[in-house]
Amino acid sequence: MNTSYDVRIYAIDVYRGKRTTTHWVQWSVDGTRFKEKFKTSALAKSFRADLLSATNRGEAFSRETGLPIRMTRTRETSPWFAFACAFVDMKWRDSAPGQRRTIADTLIPITSALLIPGRTHPDVVVLRRAMRVAFNSNTREAEHTAQVAEALAWLARSTRPVSDLAKPDVLRSLLADVERKLDGGRAAHDTVRLRRITLGSALDYAVERKLLESNPLKEVALKKRKSVTSQVDRRSVANPVQARTVLAAVAGVGRTGRKLTAFFGLMYFAALRPEEASALRLRDLALPPREWDREAGRWRVTESGDIHLEIATPEIGAEWTDSGRKDEERGLKHREEDEGRTVPLTPELALLIYDHLDEFRPSPDGLLFEAERGGRIGSSTYCRTWALARAAVFTPEVAASPLAKRPYDLRHACVSTWLNLGVEPTRVAMWAGQAWPFCCGSTRSAWTAGRNVPGSSSRRG
């Protein structure tokens, strides 16, 4: 074998670019220079320490790869933690902020299950915090507390090699672990599903990088899990009287209530998601005309208009977005980036919007709902307002039930109303911005049960 014992290992070279920092480990074998780059200082130090240990033990180095003979098959012995960080970086650019957070959340239990057994590890809370930092391309290179930095260095040298996942017993043990919560109980079906999806995608990437010959998930016989259909809780769907009663009470909640009446109205009368309502601008509305009814002494709208939706601002967290904003603008859910949708604007909703515009001016860029200090109204604000309005009109028994518990439940109530009015399900799915299968089966049954939702009698309201 073409090997040599003439090895020199140099100090780590740190290159600080505009977007990222790279740590280079450099060494030479028989006069030939080699180098490897790493995203974090901890990973670079760990790799350099392995090289130093090999020289101290008198191991021969390959002149071709520059690695000790025992590390020649680096691809087969790549530690899971370093690979997981590379997997996150590969996914980052093409993933939405919410998907980035989901990948991190699912990689944490997977990585915890792949720690080398028998080693004393840092505090579990600190370890999970360190993993959440590492599985975020925006925060991995930031300054960390001493505890987190030590945990990151420990993780760099304390996870199984990726090649171990080709062993059926290791893979089965991993799959059993990721189906459990921290307290040992079984995780929710959707949680397990997302973890398996992330693991499968990561193993495909390992095959792509030639760390594995094939995806072992496709070769191991797994126990089939009973399929669970996503359902709307029938008890959460408010009937028209209940929904309008809470909407009427919103205006009396604090300084923000009046500003949020139309906000909640958009969810109930047009099935908008909260992130869609918060991104709505005046230019997105085709308001029908209103006229003054002298006899009744109030405004009246007799026609319908349209709401043209193009963007949404889901509240994810600044650390997961490219802009550094917690509510970065993005395309609509279940739509291509530049694909919008149109929702009917009923006369009752039009009156709510006109009342809102009479009292509150849109922001300089046309944003319909603006916080007191500028910007979009946060989820903590509108959820608190809804909870107070709900508690004000419901009896303690009803307030403790799931009935209209969240603002998002107004969307379910709207879809239920549309279906009960005889609107064809395909059109309802189009208006609500949802995939058609979601309006079928048990979910549709829950929505169409709006007439008979538990508590629909007047005594519940």
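All values reported here derive from a predicted model rather than from experimental measurement. (Residues numbered from 1 in each chain as written. Predicted model: local features only at pLDDT ≥ 70, side-chain atom pairs only at ≥ 80, totals over all residues. Heavy atoms only, no water.)

Caption draft 1: Seen up close, the sheet that holds strand E7 (residues 285-286). Taken together, the 3 strands give an open sheet; going across it, the order is E7-E10-E13, and neighbouring strands pair in antiparallel fashion. Looking at which strands have only one partner, the edges of the open sheet turn out to be E7 and strand E13 (341-345). In this sheet, E13 lies alongside strand E10 (residues 305-309) in antiparallel orientation, the contact comprising 5 bridges. Opposite Gly305, over in E13, you have Leu345 as the bridge partner. Together, E7, E10 and E13 form the strand contacts of helix H12 (residues 347-359), whose direction differs from that of E13 by roughly 90°. (Pairing = 2+ DSSP bridges. Helix = DSSP H or I, 4+ residues; strand = E, 2+ residues; numbered from the N terminus. Contact = heavy atoms within 4.5 Å. Axes fitted to C-alpha atoms, helices over the stretch in contact; angles between N-to-C directions.)

Caption draft 2: Spotlight on the nonpolar core. Judged by nonpolar contacts, the single largest core of 59 residues is most densely connected at Trp27, Trp80, Phe81 and Phe135. When residues in this core are grouped by element, the largest group, 8 residues, is from helix H3 (residues 80-92). For Phe81, the residues in contact, after removing those within four places along its chain, are Leu43, Ala134, Phe135, Leu152, Leu155, Ala156 and Thr159. In terms of nonpolar packing, the next biggest core, distinct from the first, is built from 55 residues, Val237, Val250, Ala399 and Ala413 among them. (Core = buried A, V, L, I, M, F, W, Y, C linked by side-chain atoms within 4.5 Å. Buried < 20%, exposed > 50% of the residue type's maximum accessible area, 1.4 Å probe, protein only.)

Caption draft 3: Up close: the packing of aromatic side chains. All chains considered together, the criterion is met by 15 aromatic pairs. An angle of 50° between the planes, with centres 6.0 Å apart, marks the rings of Phe81 and Phe135 as tilted. Of this pair, Phe81 sits in helix H3 while Phe135 sits in the loop between helix H5 (124-134) and helix H6 (146-156), and the two are 54 residues apart along the sequence. Here Phe81 and Phe135 have matching classes, each one buried. Ring geometry for Trp418 versus Trp431: centroids 5.1 Å apart, planes at 70°, classification edge-to-face. With a gap of 13 residues between them, Trp418 in helix H15 (residues 409-420) and Trp431 in helix H16 (residues 425-432) connect regions that are remote in the sequence. (Phe/Tyr/Trp six-rings, centres within 6.5 Å; stacked < 30°, edge-to-face > 60°.)

Caption draft 4: Structural view of the environment of Ala187. Position of Ala187 among the secondary structure elements: in the loop between helix H7 (168-178) and helix H8 (189-208). Under the relative-accessibility criterion, Ala187 is labelled buried at 6%.

Caption draft 5: Region of interest: the packing of H3 against helix H4 (residues 97-113). With their axes 11 Å apart at the nearest point, H3 and H4 run at an angle of 170° to one another. Comparing their axes, H4 and H3 come out roughly antiparallel. Across the interface between the two elements, Trp80, Ala84, Phe87, Val88, Lys91 and Trp92 of H3 pack against Arg100, Ile103, Leu107, Ile110 and Thr111 of H4. (Parallel < 35°, antiparallel > 145°, perpendicular 65-115°, else oblique.)

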